[in-house]
Amino acid sequence: MSILGEFPGTEIAVIVPCYNEAAAVGKVVHELRESLPTAMIYVYDNNSTDDTAAIATTAGAIVRHVAQKGKGNVVRRAFADVEADVYLLIDGDDTYEAARAAVLVEALLAGPYDHVVGVRKHSNVAAYRPGHTFGNRMLTGAVGALFGREITDMLSGFRAFSRRYVKSFPALSREFEIETELTIHSLHLRIPVAEVQVGYKERPVGGESKLRTYRDGSRILRWILHLARVEKPTLYHGVLAAVFGVIALALGVPIVVEYLRTGLVPRFPTAVLASSIGLIGILMLVLGYLLDVVGRARQEAARLSYLRHPAPTQLVQPPALALASEPSRPTE
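Residues numbered from 1 in each chain as written. Predicted model: local features only at pLDDT ≥ 70, side-chain atom pairs only at ≥ 80, totals over all residues. Heavy atoms only, no water.

### Quick word on the sheet that holds strand 6 (residues 159-162)
Then, number 1: Spatially, seven strands are ordered 3-2-1-4-6-5-7 in an open sheet, and the strand pairing comes out mixed. Each end of this open sheet is capped by a strand with a single partner; those strands are strand 3 (62-65) and strand 7 (193-200). Neighbouring strand axes in the sheet, compared pairwise and without regard to direction, differ in orientation by 20° on average.
Then, number 2: Across eight bridges, strand 5 (residues 115-122) lies against strand 7 in parallel orientation. By the bridge assignment, V116 is partnered in strand 7 with A194.
Then, number 3: In the packing of helix 4 (residues 101-110) onto the sheet, contacts are made with strand 1 (12-18), strand 4 (86-89), strand 5, strand 6 and strand 7, and the angle to strand 4 comes to roughly 140°. (Pairing = 2+ DSSP bridges. Helix = DSSP H or I, 4+ residues; strand = E, 2+ residues; numbered from the N terminus. Axes fitted to C-alpha atoms, helices over the stretch in contact; angles between N-to-C directions. Contact = heavy atoms within 4.5 Å.)

Printed below as a string of C-alpha cells:
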C-alpha cells in the first residue's frame, strides 16, 4: 500500500536510472506517482536496447538519455541538469519499495536532514544473495573505520537528498561505485543523515540483474582505497611509510649489527638499498602530511559550497515518524 505525500511549495524531483528495465519501469513510475503525486519523475535511459524509454514515457515520466554507460555517469548528469528542493534517487528495476518514497521525503524535511538512506529489508535470499550481504557489511565496515561513522546500508540505491547536498556533490565515479561516493560525501562533510527501512524484493520476471558480486565488489573496494588516499592522505601514506620502514629495518639492522661487531660493511649494496628504502618511507610520510594540508583546504571549499544553499524546509507539523538520530538507525 502506498503512502501518499503532498508537500505544498516543495519541488520534488525523482531520478530513476534505467538500463533495459522495460519489465519494471512502468510499475516503478506508477508507484512513485501514487506516493508523490506532485513530484517530477525523470527516467534517465542509459543506452537501453529494449522499450524502457517508450514505457516510461507512456507511464508519465520525463525521459532523458545519457550516452555514457554507467550509473555514476547518469547520476552526475541528473544532478547537474535537474533543479528541485528535494531529490529522490531510486533504481528502475522494481526491487525497492517505491511506495515508501513519501516517507523518505518526510524524513528529510522533518529533520531537517540532507541525506536519507533507504535501508533494505529483504524477505528472501533471491532478493539479496548472501554474497552481496557479506560484501555490503565488509565494505560498510571499511568505510566506517576510515571515516569514523557508519551508514547501515552503504550500497542502497534508494535515497533522498536536499538541494544543498546535490549541488555540492562532485559525482566523480562512473558506475556502481556511485552509492559508495554518495555515502562518503555525507561522512566526509559530516552531513546530517537519517535512515528509513524500505522493502527490497526480487526482480520481476523478465528483468536481468546488472550486478556482478566479485566484479562490482572489487571495483567498489578500489574506489574506497582511492578515496582513502584522497580523503585520508596521512593515514594512507603513513601505512605505506610504515611498510617501507619495516623493509628498511629488516635489511639494515643485520648490517649495522655486523658493523658494530667487526667494524666492516661486507654487504655494501644491501646497505645502500636499505638506506634508499628508508628515505622513500620518510618521503612518503612527508607527502602524506603535505597532502593532508591540501585536503583540508579542499574540504573547507566543499563545506562552503554546501553552505551556499539553504537547508531543507522543515514541515510545520512533522509526521509521527521515528526518525533516526545521528548516528542513525533504521526505522520501520
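From this point, the narrative continues.
### Focus: the nonpolar core
Then, number 1: If you look at the biggest cluster of nonpolar residues, it comprises 36 residues, and the most contacted ones within it are V14, L32, L36, L88 and V116.
Then, number 2: Among the elements of the structure, strand 1, helix 1 (25-35), strand 2 (40-45), strand 4, helix 4 and strand 7 are those that each provide at least two residues to this core.
Then, number 3: With eight residues, helix 4 is the single largest residue contributor to this core.
Then, number 4: Non-local contacts of L32, meaning those with residues more than four positions away in its chain, are made with V14, V16, I41, L88, I90, A98 and A101.
Then, number 5: By size, the runner-up hydrophobic cluster in this structure holds 23 residues, among which are A13, F169, A171 and I178. (Core = buried A, V, L, I, M, F, W, Y, C linked by side-chain atoms within 4.5 Å. Buried < 20%, exposed > 50% of the residue type's maximum accessible area, 1.4 Å probe, protein only.)

### Some words on the packing of aromatic side chains
Then, number 1: Taken as a whole, this structure holds seven aromatic pairs when the rule is applied.
Then, number 2: Summarising the aromatic geometry, the rings of F79 and Y87 are spaced 6.1 Å apart at their centres and angled 65° between planes, so their arrangement reads as edge-to-face.
Then, number 3: Note on F161 and Y165: the rings are 4.9 Å apart at their centroids and 25° apart in plane angle, and the pair reads as stacked. Of the two residues, F161 and Y165, neither departs from the other in class, the shared state being buried. (Phe/Tyr/Trp six-rings, centres within 6.5 Å; stacked < 30°, edge-to-face > 60°.)

### Quick notes on the pairing of strand 2
Then, number 1: Strand 2 sits mainly inside the fold: five of its six residues count as buried.
Then, number 2: Of the strand pairs in this sheet, strand 1 and strand 2 are connected by six bridges, and their pairing is parallel. Directly across from P17, in strand 2, lies its bridge partner Y44.
Then, number 3: In terms of handedness, the path from strand 1 via helix 1 over to strand 2 forms a crossover that is right-handed. (Right-handed = clockwise from strand over helix to strand, strands pointing away.)

### Details of the environment of G9
Then, number 1: Tracing the backbone through its elements, the reader meets G9 in the segment before strand 1.
Then, number 2: A relative accessible area of 81% places G9 in the exposed class.
Then, number 3: G9 sits 304 residues away from T313 along the chain, and the two C-alpha atoms are 9.4 Å apart.

### Considering helix 4
Then, number 1: Where burial is concerned, most of helix 4 is hidden: ten out of the ten residues are buried.
Then, number 2: Along helix 4, the residues classified as buried are A101, A102, V103, L104, V105, E106, A107, L108, L109 and A110.
Then, number 3: In this structure, the buried residues of helix 4 make contact with strand 1, helix 1, strand 4, strand 5, strand 6 and strand 7.

### Some points on unusual backbone geometry
Then, number 1: Of note, the amide linkage connecting G111 to P112 takes the cis form, showing an omega dihedral of -10°.
Then, number 2: Mapped onto the elements, P112 comes out in the loop between helix 4 and strand 5.
Then, number 3: The phi torsion at D94 lies on the positive side, around 60°, for a residue other than glycine.
Then, number 4: Within the secondary structure layout, D94 lies in the loop between strand 4 and helix 4.
Then, number 5: Classification of D94 as buried rests on a relative accessible area of 5%.
Then, number 6: Of note in this structure, A171 is not a glycine but carries a positive phi near 50°.

### Quick word on the pattern of salt bridges
Then, number 1: Per the counting criterion, the structure on display carries twelve salt bridges.
Then, number 2: Its salt-bridge partner being E83, residue K167 comes within 3.5 Å of it at the nearest N-O pair. Taken together, the positions of K167 in the loop between helix 6 (163-166) and helix 7 (178-189) and E83 in the loop between helix 3 (71-81) and strand 4 put the pair 84 residues apart, joining distant regions of the chain.
Then, number 3: Given a relative accessible area of 43%, E83 falls into the partly exposed group.
Then, number 4: Through salt bridges with shared partners, a single ionic network connects K27, E31, D94 and K201. (Salt bridge = Lys/Arg side-chain N within 4 Å of Asp/Glu carboxyl O.)

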